[in-house]
Amino acid sequence: MIPAVIEIRIKTATADDIRRHLLLCDYRFEPALSSRVIIDEYASKLAERAVTFEAFAGDELAGLVAAYFSEETGGEAFVTSVSVLKDYEGLGLASRLMKLCIDHARNINSMAIVLEVEESNERAVLFYERFGFVKDPFQTRPLRMRIIL
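Not measured: the values here are computed from a predicted model.

A. Focus on unusual backbone geometry. The omega torsion of the bond from E30 to P31 falls at -10°, within 30 degrees of zero and hence cis. Tracing the backbone through its elements, the reader meets P31 in the loop between α1 (15-25) and α2 (39-49). Of note, the phi angle at K11 is positive, near 55°, even though the residue is not glycine. Mapped onto the elements of the fold, K11 is located in the loop between β1 (7-10) and α1. Judged by relative accessible area, which is 37%, K11 ranks as partly exposed. Here N109, not a glycine, exhibits a phi torsion of approximately 65°, which is positive. Of note, N109 is situated in the loop between α3 (93-107) and β5 (112-117).

What follows is the structure, given as C-alpha cells:
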C-alpha cells in the first residue's frame, strides 16, 4: 500500500537506503544496473559524493535522482542515476526530483547538466527531452544528453 504522504528531501538518504532502492530498481535500468556497477559500492559513493534528490514514502526511498556537482567539470553537473520504485510509478516523482535537481544546478550557477542513457530506452529519452535535454550527436553509445542552464 502506498502511503498518502510522499516526503521530498535532499541528501538525507543513507548508503543503505540507496542500496536497498537500487537493488529493487536494478532490473528496471537498461541494461541492469548490476551489470555495470557493484551496487553496494555505488550506493556508498552516491551517499558520500553525490547530491541526492529523494522521495520517501515513510522509511522507503521510493524515488531518487543523484547528481554530481563539481567545478572540475567546467560548471557542468552530471546526473548519474534516476529511478523510481515500480509501486510508485505514475505519481510524478521522477519529474519532481528532476526539477529539483535542475533548480539546484541553477541556484549554484552550474552551466549545464549532462547525463547518459541508452538510446534504446525511449521512455527515458522522452522524459529527459521534456525537461529540455538534447542529444549529443557525437556520443550515442551510451547516448549523452545535455541541458544548458
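B. Local environment of the pairing of strand β2 (residues 51-57). Taking burial as the measure, the seven residues of β2 include seven buried ones, the bulk of the element. Examined bridge by bridge, β1 and β2 share four bridges and lie antiparallel to one another. Its bridge partner lying in β2, I8 is registered against A55. Where β2 lies against strand β3 (residues 60-69), seven bridges are found, and the strand directions are antiparallel. Bridged to A57 within β3 is E60. In textbook terms, the turn of a hairpin is the stretch between consecutive antiparallel strands, and for β2 and β3 this stretch comprises two residues, one of which, G58, has a positive phi near 65°.

C. Representation of the packing of α1 against α2. Look at α1 against α2: their axes get within 8 Å of each other, and the N-to-C directions meet at 135°. Between α1 and α2, the interaxial angle falls into the category oblique. Considering the relative orientation of α1 and α2, their crossing is right-handed. Facing A15, I18, R19, L22 and L23 of α1, the residues of α2 in contact are I39, D40, Y42, A43, S44, L46 and A47.

D. View of the side chain of D17. With respect to the helices and strands, the residue D17 is situated in helix α1. Among the polar contacts listed, one links the side chain of D17 to the backbone nitrogen of T14, at a separation of 3.0 Å. Side-chain polar atoms of D17 contact the side chain of R20, separated by 2.9 Å. Excluding residues within four positions of it along the chain, D17 makes contact with F56 and L61.

The rules behind these values
Residues numbered from 1 in each chain as written. Predicted model: local features only at pLDDT ≥ 70, side-chain atom pairs only at ≥ 80, totals over all residues. Heavy atoms only, no water. Helix = DSSP H or I, 4+ residues; strand = E, 2+ residues; numbered from the N terminus. Buried < 20%, exposed > 50% of the residue type's maximum accessible area, 1.4 Å probe, protein only. Pairing = 2+ DSSP bridges. Axes fitted to C-alpha atoms, helices over the stretch in contact; angles between N-to-C directions. Parallel < 35°, antiparallel > 145°, perpendicular 65-115°, else oblique. Left-handed = near helix turned anticlockwise from the far one by under 90°. Contact = heavy atoms within 4.5 Å. Polar contact = N/O pair within 3.5 Å; in protein donor to acceptor, adjacent residues only side chain to side chain.

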